[in-house]
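Here are the chains, one letter per residue:
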Amino acid sequence: MRGSELEWFTTLAELERVSAAAEQLHIAQPTLSRMLGRLERDLGVELFDRRGKRIALNDFGRIYYEHARRAMAELNAAEQAIADRANPAKGVVRLSFLHSFGGVLVPQLISGFRRGSGRVAFTLRQGAAEVLTKQVLDGVADLAIVSPRPVAKDIGWRPLLRQSLVLAVPLDHRLAGARQVCLADLADAEFVTMHQGFGMRRILDELAAAAGFRPRIAFESSDTDTVAGLVAAGLGVAVLPLEDAMPPSLAIVALTDAGASREVGLIWSATATPSDAVRRFRDFTEQWARRRSDERALRR
C-alpha cells in the first residue's frame with residue numbers, strides 16, 4: 001500500500017461511513033467506493049461488513065487496519081527523520097487539528113511561532129477528534145488541537161482557550177428573536193450536527209443527555225461551515241461555537257445550560273519524546289494561551 005492508500009483506508013476504517021470518509025478526504029463517494037472494491041478484489045476478501053449506510057471492519061479488516069496504522073506511523077517517522085537530516089536546524093512539527101480551527105487559530109499559532117523560531121516546517125492534517133487522538137497515540141502526529149479533552153490514556157493536555165456555545169437557528173425559526181434558551185426546549189427539534197467521532201457531536205450528545213433527551217439528527221457533516229449552511233437553509237438547528245464565523249442568514253441564541261462551552265486544547269503522547277521543534281512549539285502555545293487570557297482579562 002502506498003501512503004495515499006494508507007490514508008484513505010485508515011480514515012474509512014475509523015469513520016465507518018463511506019460518505020463521511022469521502023467528505024473528509026475531499027474525494028467523491030463513488031470514487032472511494034471503487035477504491036475499496038479494488039483493494040478487496042486484490043486481497044481476495046471483504047474487509048468490511050455492510051450494514052445499510054454504515055460499514056464495520058470485519059476480522060480481515062481489523063488485521064489490515066492494524067498493519068496499515070503501523071505502516072503509516074513508520075512512513076511518517078521516516079519523513080520526519082529525512083527532513084531533520086536534510087535541515088537539522090529547521091525541524092518539523094506534525095500538527096493535526098479539527099477543521100474549524102483551520103481558519104484562524106492554527107494560522108495564528110504557526111505564524112506567531114515562526115516569527116520567533118525561524119522557518120520550522122509543519123505537516124498539517126485535519127480530521128475528527130477521535131481520529132486525531134489516535135494519530136497522536138500512534139505516532140502519526142506529534143501534536144493535535146482538539147475539543148473537548150480526550151478521555152484516552154497517555155495523552156498530555158494543555159488548554160488553549162474556551163469558546164461559548166450557542167444555538168443557531170434559521171431567521172424564521174420560532175426562537176430567532178429569543179435572547180436565551182435552555183436546550184431542553186429543543187427536545188422535539190431536528191438537529192444538524194457533526195458525524196460521530198467529532199468533538200462537537202460528543203458535546204451535543206452530552207448537553208442533550210444532561211437536558212434529558214436524545215437529539216433527533218436530521219443531517220450530519222464533518223465541518224461546522226456545512227452545519228451552519230444547512231441550518232441557514234432551514235434544515236434544522238445546531239449547537240455551534242460562538243467564535244466561529246456564522247452566515248448572516250442565521251439567528252444566534254445564547255444557551256443557559258451549564259457546560260454550554262467547549263475547551264480547546266493541545267494534545268500529545270505522554271510516552272513519546274518530542275523533538276526540539278515540537279517541544280519549542282508546545283512551549284510557545286503555553287505562552288500564547290497565557291497572553292490571550294491576560295489580554296481578555298484586561299478588556300473585562
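(A) Seen up close, helix 2 (residues 18-25). With six of its eight residues buried, helix 2 lies for the most part within the structure. Buried within helix 2 are the following residues: Val18, Ala20, Ala21, Ala22, Gln24 and Leu25. Looking at the residues trailing helix 2, positive phi occurs at histidine 26, about 60°.

(B) Region of the structure containing the packing of aromatic side chains. Per the counting criterion, the structure on display carries nine aromatic pairs. When the ring of phenylalanine 113 is compared with that of phenylalanine 281, the centres are 5.2 Å apart and the planes differ by 85°; the resulting orientation is edge-to-face. Taken together, the positions of phenylalanine 113 in helix 5 (residues 105-117) and phenylalanine 281 in helix 9 (residues 276-299) put the pair 168 residues apart, joining distant regions of the chain. Here the aromatic cluster, defined as three or more aromatic residues joined through ring pairs, consists of Trp8, Phe9, Phe48 and Tyr64. One Lys or Arg, arginine 282, reaches over the ring of tryptophan 268 and ends 4.3 Å from the middle of that ring.

(C) Local environment of the pairing of strand 10 (residues 238-241). Because side chains alternate across strand 10, one face comprises the buried residues Ala238 and Leu240, and the other comprises Val239 and Pro241, equally buried. Sheet analysis places strand 6 (residues 155-170) next to strand 10, joined by four bridges and oriented antiparallel. Bridge assignment links alanine 168 to a residue of strand 10, and that residue is alanine 238.

(D) Up close: the pattern of salt bridges. Tallying each qualifying case throughout the model produces 16 salt bridges. Measuring nitrogen to oxygen at the nearest pair gives 2.9 Å for the salt bridge that ties glutamate 66 to arginine 69. Here the residue glutamate 66 and the residue arginine 69 both occupy positions in helix 4 (residues 59-86), the gap between them amounting to three residues, near one helical turn.

(E) Representation of helix 5 in the model. Its 13 residues give helix 5 an end-to-end C-alpha distance of 18 Å, which sits within 8% of 18 Å, the value for a rise of 1.5 Å per residue. Taken residue by residue, helix 5 has Leu105, Val106, Leu109, Ile110, Gly112 and Phe113 as its buried positions. Projection of helix 5 onto a plane perpendicular to its axis shows the buried side chains occupying an angular sector of 165°, all on one side. Positive backbone phi, approximately 75°, marks glycine 118, located one or two places after helix 5.

(F) Focus on unusual backbone geometry. The step from serine 147 to proline 148 runs through a cis peptide bond, and the omega angle for that step is -5°. Tracing the sequence through the fold places proline 148 in the loop between strand 5 (143-146) and strand 6. In this structure, aspartate 154 is a non-glycine residue whose phi angle is positive, near 60°. Tracing the sequence through the fold places aspartate 154 in the loop between strand 5 and strand 6. For aspartate 154, a relative accessible area of 46% gives the class partly exposed.

(G) Geometry of empty space enclosed by the protein. Enumeration over the complete set of coordinates arrives at four cavities of 30 Å³ or more. The calculated volume of the largest cavity comes to roughly 70 Å³. Residue lining of the largest cavity: Leu98, His99, Ser100, Met194, Phe198, Gly199, Met200, Ser222, Asp223, Thr224 and Arg262, and that is the complete set. Grouping the amino acids of the lining of the largest cavity by side-chain chemistry returns four nonpolar, five polar and two charged.

What counts as what
- Residues numbered from 1 in each chain as written.
- Predicted model: local features only at pLDDT ≥ 70, side-chain atom pairs only at ≥ 80, totals over all residues.
- Heavy atoms only, no water.
- Buried < 20%, exposed > 50% of the residue type's maximum accessible area, 1.4 Å probe, protein only.
- Helix = DSSP H or I, 4+ residues; strand = E, 2+ residues; numbered from the N terminus.
- Phe/Tyr/Trp six-rings, centres within 6.5 Å; stacked < 30°, edge-to-face > 60°.
- Lys NZ or Arg CZ within 6 Å of the ring centre and 35° of its normal.
- Pairing = 2+ DSSP bridges.
- Salt bridge = Lys/Arg side-chain N within 4 Å of Asp/Glu carboxyl O.
- Expected span 1.5 Å × (residues − 1).
- Arc of directions from axis to C-beta.
- 1 Å grid on protein atoms, 1.4 Å probe; cavity = no way out; pocket = protein on both sides within 12 Å on 5 of 7 lines; lining within 4 Å.
- Points joined across faces, edges and corners; volume = space filled by probe spheres on them.
- Nonpolar A, V, L, I, M, F, W, Y, C, P; charged D, E, K, R; others polar.

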